[in-house]
Amino acid sequence: MMDEIHIKGLEVFAHHGVFPEETRLGQKFVVSADLRVDLHQAGISDDLNQSIDYGAVCAEIHTFLTQRTFQLLEAAAEQLCTHLLLRLPLLESIRLEIEKPWAPIGLPLRTASVSMERGWHTAYIALGSNIGDTKAYLDGAVEALRQTEGVRMGKVSDYIVTAPYGGVEQDDFLNAVLCARTLLTPHELLDVMHVIEQAAKRERVVRWGPRTLDLDLLFYDQLIFSDETLHIPHPEIPKRDFVLRPMAQIAPHFVHPVCRKTMVELLEALG
């Protein structure tokens, strides 16, 4: 269970709202936040550098809300969450509420508010290429993800040469897997991956056919999810040596949320 720092009832006079008089005259907003962070080292060392300075966070919230104008509380809260998660390296997740006690609805009201919870997620992405300068395509994808806002790059496996999968006659592939921490939702991350593929001139002509760059979202935390565009975990993982070998290198004890086996166990089962 993650430790928490609580900020309750921070009052900010700012200019947010749908009506022109709200953005012109301004009104009071009340912000509360639960900051989830590992405080063990701070508790041992008594060192503020091992924690989050809640005074500085209050000042950051005040500056953010007073220097911007939003029509919706939803937008203010969403962007404030993202701002704090990007600015505070130790912050794992945040539960935020913004109250609007002077909401102009013409009825007796103590307050209206929006609350949301946002945080960092762990994603594993497979990379493959068998056309052209395959190493350059993989290097470019890693760097493009590294430069994406809301993504923090973790471990990248060794690049391995593997035989093609799926029965289509073609050249060998260069494959790898990377781990990234991200604020993006699975679909937002998938959209970013498609943009990176398109920049590498990826063409989807033959299923399992040759390609300049192939990016697959393997895991997203322990999420199990499926719709018409995305399946998490990727359904082919237990069958793919070229995925399990690099996964076993960078995350050997990661447990597949469906199979309930580690990457090493799945690799051994594949033979």
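Note: the structure precedes this text.
Quick caveat: nothing in here was measured; it's all calculated off a predicted structure.

Caption draft 1: Spotlight on the pattern of salt bridges. Enumeration according to the criterion identifies 14 salt bridges in this entry. Here Lys28 ties to Glu11 by a salt bridge, and the two come within 3.9 Å at their closest N and O atoms. Of this pair, Lys28 sits in strand E2 (residues 27–36) while Glu11 is found in strand E1 (residues 4–14), placing the two residues 17 residues apart along the sequence. With a shortest N-O distance of 3.3 Å, Arg87 and Glu60 are connected by a salt bridge. With Arg87 in helix H4 (residues 73–87) and Glu60 in helix H3 (residues 54–66), this residue pair connects regions lying 27 residues apart in the sequence. Given the relative accessible area of 52%, Arg87 is considered exposed. Among the charged side chains, a salt-bridge network with shared partners connects Glu4, Asp34, Arg36, Arg95 and Glu117.

Caption draft 2: Quick peek at a nonpolar patch on the surface. On the surface, Val18, Phe19 and Leu72 cluster together into a nonpolar patch covering about 280 Å² of accessible area. Considering the arrangement of structural elements, one finds Phe19 in the loop between E1 and helix H1 (20–25).

Caption draft 3: Inspection of helix H5 (residues 134–146) at higher detail. Between its terminal C-alpha atoms H5 stretches 19 Å, which fits the 18 Å expected from 13 residues at 1.5 Å a residue. What H5 keeps buried is the set Thr134, Leu138, Ala141, Val142 and Leu145. Looking straight down H5, one finds its buried side chains confined to an arc of 95°; they lie on one side. Summarising the contacts, the buried residues of H5 are in contact with strand E5 (121–129), strand E6 (151–156), strand E8 (173–182), helix H6 (186–199) and strand E9 (214–220).

Caption draft 4: Fine view of the sheet that holds E2. In spatial order, the strands read E1-E2-E3-E4; together these 4 strands make up an open sheet with antiparallel pairing. With partners counted over all chains shown, the strands left at the sheet margins are E1 and strand E4 (112–119), one partner each. On average, adjacent strands in this sheet sit at an angle of 15° to one another, irrespective of strand direction. Strand direction decides the pairing type here: E1 and E2, joined by 9 bridges, are antiparallel. Bridge assignment links Ile5 to a residue of E2, and that residue is Leu35. Running at roughly 35° to E1, H3 makes contact with E1 and E2 of the sheet. In the packing of H4 onto the sheet, the strands contacted are E2, strand E3 (93–100) and E4, and the crossing angle to E4 comes to about 30°.

Caption draft 5: Seen up close, unusual backbone geometry. With omega at -5°, the peptide bond leading from Ile232 into Pro233 counts as cis. Mapped onto the elements, Pro233 comes out in the loop between strand E11 (231–232) and helix H7 (241–250). The phi dihedral of Asp46 is positive, around 60°, even though this residue is not glycine. Take Asp46: it is sitting in the loop between helix H2 (40–45) and H3. Despite not being glycine, Arg260 shows a phi value in the positive range, around 60°. Its place among the elements puts Arg260 in the loop between H7 and helix H8 (263–270). Under the relative-accessibility criterion, Arg260 is labelled exposed at 54%.

Caption draft 6: Expanded view of the state of the cysteines. Within this structure, the stated rule accounts for 0 disulfides. Unpaired in this structure, Cys259 has its nearest cysteine sulfur neighbour in Cys179, at a distance of 19 Å.

Caption draft 7: Region of interest: the environment of Met193. Mapped onto the elements of the fold, Met193 is located in helix H6. Sequence separation between Met193 and Leu80 is 113 residues; the distance between their C-alpha atoms is 25 Å. Apart from residues no more than four positions distant in its own chain, Met193 is found in contact with Ile125, Leu215, Asp216 and Leu217.

Basis of the calculations
- Residues numbered from 1 in each chain as written.
- Predicted model: local features only at pLDDT ≥ 70, side-chain atom pairs only at ≥ 80, totals over all residues.
- Heavy atoms only, no water.
- Salt bridge = Lys/Arg side-chain N within 4 Å of Asp/Glu carboxyl O.
- Helix = DSSP H or I, 4+ residues; strand = E, 2+ residues; numbered from the N terminus.
- Buried < 20%, exposed > 50% of the residue type's maximum accessible area, 1.4 Å probe, protein only.
- Patch = residues over 30% accessible without salt bridge, like charges linked within 9 Å, V, L, I, M, F, W, Y side chains within 5 Å.
- Areas by Shrake-Rupley, 256 points an atom, 1.4 Å probe, with all protein chains shown as cover.
- Expected span 1.5 Å × (residues − 1).
- Arc of directions from axis to C-beta.
- Contact = heavy atoms within 4.5 Å.
- Pairing = 2+ DSSP bridges.
- Axes fitted to C-alpha atoms, helices over the stretch in contact; angles between N-to-C directions.
- Disulfide = S-S within 2.5 Å.

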